[in-house]
Amino acid sequence: MPINPVVEDELDSLTRSLLLPSPGAGVYARTGLFEQVVEGLSSFITRHREPETQILRFPPVMSRSQLEKSGYLHSFPHLLGNVSCLQGNEAEIHALVERKEWMSELSSTELVLSPAACYPLYPMVADSGPVPAKGLMFDVASDCFRRESTHEVGRFQSFRMREFVCVGTPEQVLAFRTRWVFLAQRLAKLLGLPHQIAPASDPFFGRAGRLAAMSQLEQSLKFELLVPFRAEEPPTACMSFNCHRDHFSTVWKLFNENGDQAHTGCVAFGLDRLALGLFKTHGLDLQKWPVVVRENLSF
Ligand code: AMP
Ligand code: ZN
């Protein structure tokens, strides 16, 4: 008998039937049932996309130099995953993998794993010239990687992020963010998800990072839509609403048509967390979910 048996609660057993663990912590194979809800959610989000939004789907990797230039290593070096490969001719590579320490022979490529869906967008927008007076809106998505230090339910190393991004004047971006904080609550209601909106800060690295987080809170740059996963624990962030002000536009030289510095903002949907929140709320049997919710998710 184990001395301290780990007691599995309802959320653990629910997660176990939806997501099959792999040897990598926080990395799962998703079941058909889980995917049905993720797909329903994706279409639901699409149906609420604002008009004149350009769609881009990014791969799970992006340019390392672009992420460096974005300041990611300054803010979140602890979360970054890099793509490294063995280099050489066939004989050299064979020789490398036969050694036990082949991993020390890996060399970095020009790629990293994308930590959020919107990073590759800003340099592309900058390349396409000044931002028109009515502003620009984008719908982006990618698989994301974050080297999280804990792997509680809903905290994955690899997860899917969908985002709407606005580029324009400070007023346009603020209005976009305000609109989405409001709209997101309507969407959560349509899905029968208990939720609350709260000011938030990013998990910036180190001591200087704590100051950055405080300043982000003080300036109300980030809000989150939180969903309760366990009654006794703080609720889980399933969406975020972010104002970057002129951060990305300074890095990428993004200007509005009138020559002013553009502002950017994004609304991020954590698809895997939202799906888990839905299962937690409505249970494993989709037939028993409220009719309105099933209609909204197209099943
Ligand atoms: P953030 O860029 O941190 O605001 O993340 C945007 C959204 O992605 C969050 O609101 C979560 O829903 C989701 N997310 C962030 N980190 C993780 C993670 N480690 N596992 C699963 N979902 C995540
Ligand atoms: Zn973003």
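Let me begin by describing the structure that accompanies this report. Small disclaimer: the values here were computed from a predicted structure and weren't measured. (Residues numbered from 1 in each chain as written. Chains lettered and ligands numbered in written order. Predicted model: local features only at pLDDT ≥ 70, side-chain atom pairs only at ≥ 80, totals over all residues. Heavy atoms only, no water.)

**Considering the site of ligand 1**
The test is simple: Nearness is judged by heavy atoms alone; a residue qualifies as near a molecule or strand once a single heavy atom is within 4 Å of it. Any pair of nitrogen or oxygen atoms within 3.5 Å is treated as a polar contact; in protein, a donor-acceptor pairing is required on top of that, and neighbouring residues in sequence qualify only through side-chain atoms on both sides. Accessible areas in this description were obtained via Shrake-Rupley with a 1.4 Å probe; residue shielding takes into account the shown protein chains only. Secondary structure is summarised from DSSP: a helix means a run of H or I of at least four residues, a strand means a run of E of at least two, and numbering begins at the N terminus for each.
Within the structure, ligand 1 sits among 15 residues, and R146, E148, F156, K222 and S240 are positioned closest to it. Within the backbone of M239, a nitrogen or oxygen atom sits 3.4 Å from an oxygen atom of ligand 1. Taken by itself ligand 1 offers 480 Å² of open surface, and the protein chains cover 93% of this. At the level of elements, β8 (158-168), β11 (236-245) and β12 (263-270) are the ones that each hand at least two residues to the shell around ligand 1. Of the residues forming the shell around ligand 1, the biggest block, four residues, is contributed by β11.

**Focus: the sheet that holds strand β4 (residues 61-63)**
What counts is decided by this rule: Criterion used throughout: strands pair if DSSP finds at least two bridges between them. Axes, fitted as lines to C-alpha atoms, cover a helix only where it is in contact. Angles between the N-to-C directions of the axes lie from 0 to 180 degrees.
In spatial order, the strands read β4-β6-β5; together these three strands make up an open sheet with antiparallel pairing. Strands with a single pairing partner mark the edges of an open sheet, and in this sheet they are β4 and β5 (82-85). Here the average twist between neighbouring strands, direction ignored, is 50 degrees. Relative to strand β6 (residues 107-113), β4 is paired through three bridges, and the arrangement is antiparallel. Following the sheet pairing, V61 is matched in β6 by L113.

**Section: the sheet that holds strand β3 (residues 53-57)**
Rules: In what follows, residue pairs with any heavy atoms lying within 4.5 Å of each other are defined as contacts.
Taking strand neighbours across the sheet as the criterion, the seven strands line up as β3-β7-β8-β12-β11-β10-β9 in an open arrangement whose pairing is mixed. In this open sheet, the two edge strands, each paired with only one partner strand, are β3 and β9 (196-199). Neighbour-to-neighbour, the strand axes of the sheet open up by a mean angle of 20 degrees, direction not taken into account. Looking at chain direction, β11 and β12 are connected through six bridges and run antiparallel. Its bridge partner lying in β12, N242 is registered against C266. Packing against the sheet, helix α2 (residues 32-47) makes contact with β8 and β12, and its axis sits at approximately 5 degrees to β8.

**Remarks on the packing of α2 against helix α10 (residues 271-282)**
Rules: Throughout this description, any angle smaller than 35 degrees is read as roughly parallel, any larger than 145 degrees as roughly antiparallel, any in the 65 to 115 degree range as roughly perpendicular, and the remainder as oblique. Should the near helix be turned anticlockwise from the far one by less than a right angle, the crossing is termed left-handed; should it be turned clockwise, right-handed. Each residue is assigned to one class: nonpolar for Ala, Val, Leu, Ile, Met, Phe, Trp, Tyr, Cys and Pro, charged for Asp, Glu, Lys and Arg, and polar for all the others, Gly among them.
Put simply, α2 and α10 touch, their axes get as near as 9 Å, and they point 110 degrees apart. In terms of axis orientation, α2 runs roughly perpendicular to α10. Two packed elements cross with a definite hand, and for α2 against α10 that hand is right-handed. Contacts between α2 and α10 involve L33, F34, V37, V38, L41, S42 and I45 from the first element and L271, D272, L274, A275, L276, L278 and F279 from the second. For the contact of α2 with α10, a count of residues per class yields 12 nonpolar, one polar and one charged.

**Here we look at the packing of aromatic side chains**
The geometry of an aromatic ring pair comes down to the distance between the two centres and the angle between the two planes. As a reminder, the rule being used: Here is the rule: rings of Phe, Tyr and Trp (six-membered ring for Trp) pair when centre to centre is within 6.5 Å. Planes less than 30 degrees apart are stacked, more than 60 are edge-to-face, and the remainder are tilted. Relative accessibility decides the category of a residue: with a 1.4 Å probe and only protein chains considered, values under 20% of the type maximum give buried, values over 50% give exposed, and everything between is partly exposed.
Counted under the stated rule, the structure contains 12 aromatic pairs. Relative to F76, the ring of Y72 has its centre 5.1 Å away and its plane inclined at 50 degrees; by these criteria the two rings are tilted. Y72 sits in the buried class, given a relative accessible area of 3%. Judged by its relative accessible area of 9%, F76 falls in the buried class. Ring geometry for Y122 and F248: centres 4.2 Å apart, planes at 10 degrees, overall stacked. Placement of the pair is Y122 in helix α6 (residues 121-127) and F248 in helix α9 (residues 247-252), with a sequence separation of 126 residues.

**So, a nonpolar patch on the surface**
Heads up, the condition is: Note that patches include only residues with greater than 30% relative accessible area and no salt bridge, and the join distances are 9 Å for like charges and 5 Å for nonpolar side chains (Val, Leu, Ile, Met, Phe, Trp, Tyr). Between Lys or Arg on one side and Asp or Glu on the other, a salt bridge is scored when a side-chain nitrogen of the former is within 4 Å of a carboxyl oxygen of the latter.
Taken together, the side chains of V97, W102, M103 and L106 make up a nonpolar region of the molecular surface, amounting to roughly 350 Å² of accessible area. Examined against the element boundaries, L106 turns out to sit in the loop between α5 (90-98) and β6. Taking relative accessible area as the criterion, L106 reaches 32% and is therefore assigned partly exposed.

**Quick word on unusual backbone geometry**
Its identity as a non-glycine residue notwithstanding, E52 has a phi of 60 degrees, on the positive side. Secondary-structure assignment places E52 in the loop between α2 and β3. The phi torsion at K253 lies on the positive side, around 55 degrees, for a residue other than glycine. Checked against the element boundaries, K253 lands in the loop between α9 and β12. The class of K253 is exposed, set by a relative accessible area of 60%.

**Digging into the coordination of the zinc ion (ligand 2)**
Worth spelling out the cut-off: Shown as donors are all N, O and S atoms within 2.8 Å of a metal ion, widened to 3.2 Å for Na, K and Ca; because water is not in the atom set, sites may appear incomplete.
The protein atoms donating to the zinc ion (ligand 2) are C118 (SG), E163 (OE) and C266 (SG), with metal-donor distances spanning 2.0 to 2.4 Å. Each donor residue of the zinc ion (ligand 2) lies on one chain, and together they are spaced C-x44-E-x102-C. With C118 in the loop between β6 and α6 and E163 in strand β8, the pair connects residues that are 45 residues apart, well separated along the chain.

**Comments concerning the pairing of strand β7 (residues 136-145)**
Counting buried residues in β7 gives nine out of 10 residues, a clear majority hidden from the surface. Sheet analysis places β3 next to β7, joined by five bridges and oriented parallel. Pairing of Q54 across the sheet is with F138, part of β7. As paired elements, β7 and β8 share 10 bridges and run antiparallel to each other. Paired with D143 across the two strands is R160, which belongs to β8.

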